[in-house]
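# Structural features, examined
So the chains spell out like this:
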Amino acid sequence: MLNLNQQTMAQTYLFSKQSRDEVYDHETSYCFKLRRGKGWLHLNKKATELIEHDDHFELRLADWYINIGDKFISQTILRQEQCQELQEWYLKTKING
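Residues numbered from 1 in each chain as written. Predicted model: local features only at pLDDT ≥ 70, side-chain atom pairs only at ≥ 80, totals over all residues. Heavy atoms only, no water.

For the protein chain, the mean per-residue pLDDT works out to 85, and 86% of the residues sit at or above 70. A low-confidence stretch, residues 1-6 stays under pLDDT 50, and its non-local contacts, those more than four residues away or across chains, total three contacts. (pLDDT = per-residue confidence, 0-100. Contact = heavy atoms within 4.5 Å.)

Checked against the element boundaries, Thr 76 lands in helix H2 (residues 73-96). Judged by relative accessible area, which is 5%, Thr 76 ranks as buried. Between the C-alpha atoms of Thr 76 and Ile 66, which are 10 residues apart in sequence, the distance is 6.1 Å. (Helix = DSSP H or I, 4+ residues; strand = E, 2+ residues; numbered from the N terminus. Buried < 20%, exposed > 50% of the residue type's maximum accessible area, 1.4 Å probe, protein only.)

Glancing now at the side chain of Gln 82. Checked against the element boundaries, Gln 82 lands in helix H2. The exposure class assigned to Gln 82 is buried, which follows from its relative accessible area of 16%. Sequence-distant contacts of Gln 82, defined by excluding residues within four places in its chain, comprise Leu 34 and Leu 41.

Between its first and last C-alpha atoms H2 spans 34 Å; for 24 residues at 1.5 Å apiece the expected length is 34 Å, and the two agree. Turning to H2, its buried residues number three or more, namely Thr 76, Arg 79, Gln 82, Cys 83, Glu 85, Leu 86, Gln 87 and Tyr 90. (Expected span 1.5 Å × (residues − 1).)

It is worth spelling out the side chain of Gln 87 at this point. Mapped onto the secondary structure, Gln 87 falls in helix H2. By relative accessible area, Gln 87 is classed as buried at 14%. In this structure Gln 87 touches Thr 12, Tyr 13, Leu 14 and Phe 15, once residues within four positions along its chain are discounted.

The description of an aromatic ring pair rests on the distance of the ring centres and on the angle between the ring planes. Tallying each qualifying case throughout the model produces five aromatic pairs. Aromatic pair Tyr 13 and Phe 15: ring centres 6.3 Å apart, planes at 40°, arrangement tilted. The same class applies to Tyr 13 as to Phe 15, namely buried. Where Tyr 24 meets Trp 40, the ring centres are 4.9 Å apart and the plane angle is 50°; that geometry is what we call tilted. Of this pair, Tyr 24 sits in the loop between strand E1 (9-16) and strand E2 (29-33) while Trp 40 is found in strand E3 (residues 40-44), placing the two residues 16 residues apart along the sequence. Every member of this aromatic cluster is reached through a ring pair, and the members are Tyr 13, Phe 15, Phe 32 and Phe 57. Directly above the aromatic system of Phe 57 lies the positively charged group of Lys 17, at a separation of 5.8 Å from the ring centroid. (Phe/Tyr/Trp six-rings, centres within 6.5 Å; stacked < 30°, edge-to-face > 60°. Lys NZ or Arg CZ within 6 Å of the ring centre and 35° of its normal.)

Below you can see the structure in the form of C-alpha cells.
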C-alpha cells in the first residue's frame, strides 16, 4: 500500500477559480460548484493535489480516488464526468474570455 507521499496521481484537471466554493469546504474535502442545479463536487483532500495558478486551479487526483474500481463504478463515472465538466467550462471561458 502506498502512503500519501507515494500515491500515484492519475488524472489532472484544470478548474476555474470561480468554480471553487470554499464556504462549503469540509475539513477533509475541497468543494467546487457544478453547473446551476447540479450541486457541488467534493474532492477528498488526501486524494487531491490542489495547485493554484493565476486564473485557475490545477487538480491532480490520486489513481485510487478517480479509478475506484468495479465495485463503485457508478461513483467513478460520476466523479470523472463532474471533473471533466468543470474542466470543459474553464477551457470554454478561457477561449471566449
